[in-house]
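What the coordinates show
So you can see what is in the structure, the chains are spelled out below.
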Amino acid sequence: MDLKSSNTSEFTEPYITSSKSTDFIKPKEEPDNFTPMVPKAEVYKVYKRRWAVLILFAFYSASNSMQWIQFSIIQNIVTKYYGVSDVWIDWTSMVYMILYIPLIFPGSWFLDKMVFILSLPARLAAVWFGPDQVSFACSVGVFGNQLGIAIGFVLPPMLVANSDDLNVIGNDLQWMFNYVAGLTTVLFILIVLFFQAKPPTPPSAAQKVAGPGSEEAENQITFMQSLKNLITNVNYILLLISYGMNVGVFYAISTLLNPVVLKYYPGHEIDTGRIGLSIVLSGMLGSVVSGIILDKSHKFKETTLGVYAFSMVGMWVFAFTLDTGSIVVVYITASLLGFFMTGYLPVGFEFAAELTFPEPEGTSSGLLNASSQVFGIIFTSMYSWLLSDFSDVVANVTMAIMLIVGTIITAFISSDLRRQNAQINDKQQNP
């Protein structure tokens, strides 16, 4: 490609160069003064619009996750208004998880066939970003999900007052519904108008091999065969279990944060939301830091194990500091827990993409999410039962033990970095 004559306004810089022996044809008989032609360098481009696509996805994801937690964080107010038990409010969170499990399979098939990448950060990052930015891009995509949870934690307690007048609560709830409807409508219009599934050219050698539009993609194995490849990948199955356990614990804590905090600090509904906000904001920072570390070091196994182990430590600290009498301490320990526990999300996505390459990222990360929902349902139900029949200490210690098991499982995962190896092989074969 002649870079001088090409249109460079659409991209920032060339990423990786490689060459092909087929870029020129060698004469059958070479004259004495023959000078071999130098193979043309193939340039992988990253487009400026990738950031707009990523940001749009992040806000879309935020609007989704915000609605997951908006009732649970004001559980005591909603139960008062509707006259139902706490269990019904817990189900507003769990129904999100339950429906995801059967729908992820047709959803992943559709994602694979139509190259429609709205639902999964790892897929978007792989399709649009180069090898030195893909982990960071994935972390920003997960950042959107965390942003929505943060909004879901902090806004409902501020918008819906804990009043003895049910009419006041009903009016506040109506305004909250109106805000959510307006936001999602605007985002829907922006997605229809501006979201683009993929760039004109692949951003990396790995994406050229396995990405949409490649020869390999045209001859791609069926969706069911891809699923078979994934479930027979031992390392991926270990990650599937450990990832599901980590995120499942996060779902349980998020769903039942309201009754846990209000037990020790009655009347602090707004603080409960802000503590949830602290968990998620620190997790956003953890996600970005983890993404940068992965892009710089490519130490996927080590980073995954380290973040997981610190999540477990954070859970133990959180479990035994709720009753200190100082809500400031709860803010601090919850932030520590969030930095590692929610910071783990993009790390798990990227590690899965490495272990399963060249299987579609949408399928591998989709199954990770399905595993999270399964463990989320189990752990949320378990946590609710232990909280009501025993104590918050028992419930939190049980979750901490689950994270110990998850850390051990993670330690047994081999560092089989297939996507990184594809990049290395491309450089060696086409220097």
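As the structure is a computational prediction, the values presented were derived from the model and not from experiment.

Notes on the overall build of the chain
Within the chain, the secondary structure is distributed over 18 helices and 2 strands. Residue pairs in contact within the chain that sit at least 24 positions apart in sequence constitute 84% of those at least 6 positions apart. About 19200 Å² of surface is accessible on the chain, with carbon and sulfur atoms providing 65% of the total.

Focus: the packing of aromatic side chains
Within this structure, the stated rule accounts for 16 aromatic pairs. A ring pair is formed by Tyr-243 and Phe-349, whose centres lie 5.8 Å apart and whose planes are at 35 degrees; its orientation type is tilted. Placement of Tyr-243 in helix α10 (residues 234-255) and of Phe-349 in helix α15 (residues 344-356) is noted, with a sequence separation of 106 residues between them. Residue class for Tyr-243 comes out buried when judged on its relative accessible area of 2%. Among the residues examined, Phe-349 registers a relative accessible area of 5% and is labelled buried. Each ring, one from Trp-385 and one from Phe-390, has its centre 5.5 Å from the other, and the planes form 85 degrees; the classification is edge-to-face. Take Phe-390: its relative accessible area is 51%, and that puts it in the exposed class.

Side note on unusual backbone geometry
For the peptide bond that leads from Phe-357 to Pro-358, omega is 5 degrees, which places it in the cis range. Examined against the element boundaries, Pro-358 turns out to sit in the loop between α15 and α16 (361-389). In this structure, His-298 is a non-glycine residue whose phi angle is positive, near 60 degrees. Examined against the element boundaries, His-298 turns out to sit in the loop between α12 (269-297) and α13 (300-319).

Some words on the confidence of the model for the chain
When pLDDT is low, close inspection of the predicted coordinates is not appropriate. Residue-level pLDDT values for the chain average 81, and 81% of them are 70 or greater. Put simply, strand β1 (residues 11-19) is where the chain has its lowest mean pLDDT, 43, and helix α17 (residues 392-411) is where it has its highest, 96. Across residues 1-31, where pLDDT falls below 50, the model places 59 contacts with residues more than four positions away in sequence or in other chains. Counted against residues more than four places away or in other chains, residues 34-41, with its pLDDT under 50, gives 13 contacts.

Concerning the side chain of Thr-255
With respect to the secondary-structure elements, Thr-255 resides in helix α10. Polar contacts involving the side chain of Thr-255 include one to the main-chain carbonyl oxygen of Tyr-251, which spans 2.8 Å. Among all residues touching Thr-255, those that are not within four sequence positions of it are Trp-68, Ile-69, Ser-72, Asp-90, Ser-93, Met-97 and Thr-380.

With respect to the nonpolar core
Of all hydrophobic cores here, the largest spans 94 residues; its most connected members are Met-315 and Tyr-383. In this structure Tyr-383 touches Ala-252, Ile-253, Leu-256, Val-260, Ala-395, Asn-396 and Met-399, once residues within four positions along its chain are discounted.

Quick look at α12
For α12, which comprises 29 residues, the first-to-last C-alpha distance of 42 Å matches the rise-based estimate of 42 Å (1.5 Å per residue) to within 8%. After α12 finishes, the residue His-298 shows a positive phi value of roughly 60 degrees.

Things to note about the packing of helix α1 (residues 49-69) against helix α6 (residues 166-194)
Two numbers describe how α1 lies on α6: the axes approach to 10 Å, and their chain directions differ by 150 degrees. It follows from the interaxial angle that α1 and α6 lie roughly antiparallel. The handedness of the crossing between α1 and α6 is left-handed. When α1 is examined against α6, the residues Leu-56, Phe-59, Tyr-60, Ser-63, Met-66 and Gln-67 are found in contact with a partner set consisting of Val-180, Leu-183, Thr-184, Leu-187, Leu-190, Ile-191 and Phe-194.

Each value, and the rule that gives it
- Residues numbered from 1 in each chain as written.
- Predicted model: local features only at pLDDT ≥ 70, side-chain atom pairs only at ≥ 80, totals over all residues.
- Heavy atoms only, no water.
- Helix = DSSP H or I, 4+ residues; strand = E, 2+ residues; numbered from the N terminus.
- Contact = heavy atoms within 4.5 Å.
- Areas by Shrake-Rupley, 256 points an atom, 1.4 Å probe, with all protein chains shown as cover.
- Phe/Tyr/Trp six-rings, centres within 6.5 Å; stacked < 30°, edge-to-face > 60°.
- Buried < 20%, exposed > 50% of the residue type's maximum accessible area, 1.4 Å probe, protein only.
- pLDDT = per-residue confidence, 0-100.
- Polar contact = N/O pair within 3.5 Å; in protein donor to acceptor, adjacent residues only side chain to side chain.
- Core = buried A, V, L, I, M, F, W, Y, C linked by side-chain atoms within 4.5 Å.
- Expected span 1.5 Å × (residues − 1).
- Axes fitted to C-alpha atoms, helices over the stretch in contact; angles between N-to-C directions.
- Parallel < 35°, antiparallel > 145°, perpendicular 65-115°, else oblique.
- Left-handed = near helix turned anticlockwise from the far one by under 90°.

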